[in-house]
Amino acid sequence: MTNIVIETGRLTANPEITTKGENYFCRFTIAVQRPKKKGAETSDTDFFQCIAWNKNADVVHQWYKKGDMISVVGNLRSNSYEKNGEKRTSVEIKVNEVHFTGDKKEDNSVDEFVPIF
């Protein structure tokens, strides 16, 4: 079975490092625009929760800030938890690779994804 996700989008906030024992991680959210539908003036946007550990967390924390374009390669992980007596599920991307994709744009144009493999 295969569980690989590649997403390119913009960070919605500045990433912060959190320590857990000897390891550390960085949680961040990326906004990824969908292609425009025919006749639509704007495109929809999906928001993906991401978590990067250790060296990948360092890269994200040191080199990226809110609004910067980032490409991540990772695996989808689903988490179950209980909040206010209700069972809930969340999905996040466990980041295995981080790729630089260009500078921060000041306009709303969409960059074309160029895979770096």
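Our subject is the structure that appears above.
The following refers to the structure shown. (Residues numbered from 1 in each chain as written. Predicted model: local features only at pLDDT ≥ 70, side-chain atom pairs only at ≥ 80, totals over all residues. Heavy atoms only, no water.)

1. Structural notes on the nonpolar core
Okay, so step 1: Counting residues in each nonpolar core, the largest one holds 16 residues, and the members touching the most others are F28, I30, C50, V60, I70, V72 and V95.
Okay, so step 2: Those elements that place two or more of their residues in this core are β1 (5-11), β3 (23-33), β4 (45-53), α1 (54-63), β5 (69-83) and β6 (86-100).
Okay, so step 3: Among the elements that line this core, the one with the most residues is β3, at four residues.
Okay, so step 4: Not counting residues up to four positions away in its chain, the partners in contact with I30 are E7, G9, R10, L11, T12, D46, F47, F48, C50, I70 and V72. (Core = buried A, V, L, I, M, F, W, Y, C linked by side-chain atoms within 4.5 Å. Buried < 20%, exposed > 50% of the residue type's maximum accessible area, 1.4 Å probe, protein only. Helix = DSSP H or I, 4+ residues; strand = E, 2+ residues; numbered from the N terminus. Contact = heavy atoms within 4.5 Å.)

2. Looking at the state of the cysteines
By definition, a disulfide is the covalent link that joins the sulfur atoms of two cysteine residues.
Okay, so step 1: Summed over the entire model, instances satisfying the criterion amount to zero disulfides.
Okay, so step 2: As a non-bridged cysteine, C26 has C50 as the owner of its nearest cysteine sulfur, 9.5 Å distant.
Okay, so step 3: Owing to a relative accessible area of 0%, C26 belongs among the buried residues under this scheme. (Disulfide = S-S within 2.5 Å.)

3. Digging into the packing of aromatic side chains
Okay, so step 1: Tallied over the entire structure, the rule returns three aromatic pairs.
Okay, so step 2: Arranged with centres 4.9 Å apart and planes meeting at 50°, the rings of F25 and W53 form a pair that is tilted. Of this pair, F25 sits in strand β3 while W53 is found in strand β4, placing the two residues 28 residues apart along the sequence.
Okay, so step 3: Classification of W53 by relative accessible area gives partly exposed; the value is 29%.
Okay, so step 4: With 5.4 Å between their ring centres and 15° between their planes, Y64 and F100 make a pair best called stacked. Linking Y64 in the loop between α1 and β5 with F100 in strand β6, this pair joins segments that are 36 residues apart in sequence.
Okay, so step 5: Overall, the relative accessible area of 46% leaves F100 in the partly exposed class.
Okay, so step 6: Ring pairs connect the aromatic residues W63, Y64 and F100, which therefore count as one cluster. (Phe/Tyr/Trp six-rings, centres within 6.5 Å; stacked < 30°, edge-to-face > 60°.)

4. Some thoughts on the side chain of T29
Okay, so step 1: Turning to its location among the elements, T29 is positioned in strand β3.
Okay, so step 2: Engagement of the side chain of T29 in a polar contact is seen with the side chain of Q49, the distance being 2.9 Å.
Okay, so step 3: Discounting chain neighbours no more than four positions away, the residues touching T29 are R10, L11, T12, F47, F48 and Q49. (Polar contact = N/O pair within 3.5 Å; in protein donor to acceptor, adjacent residues only side chain to side chain.)

Don't take any of this as a statement about function, it's just geometry.
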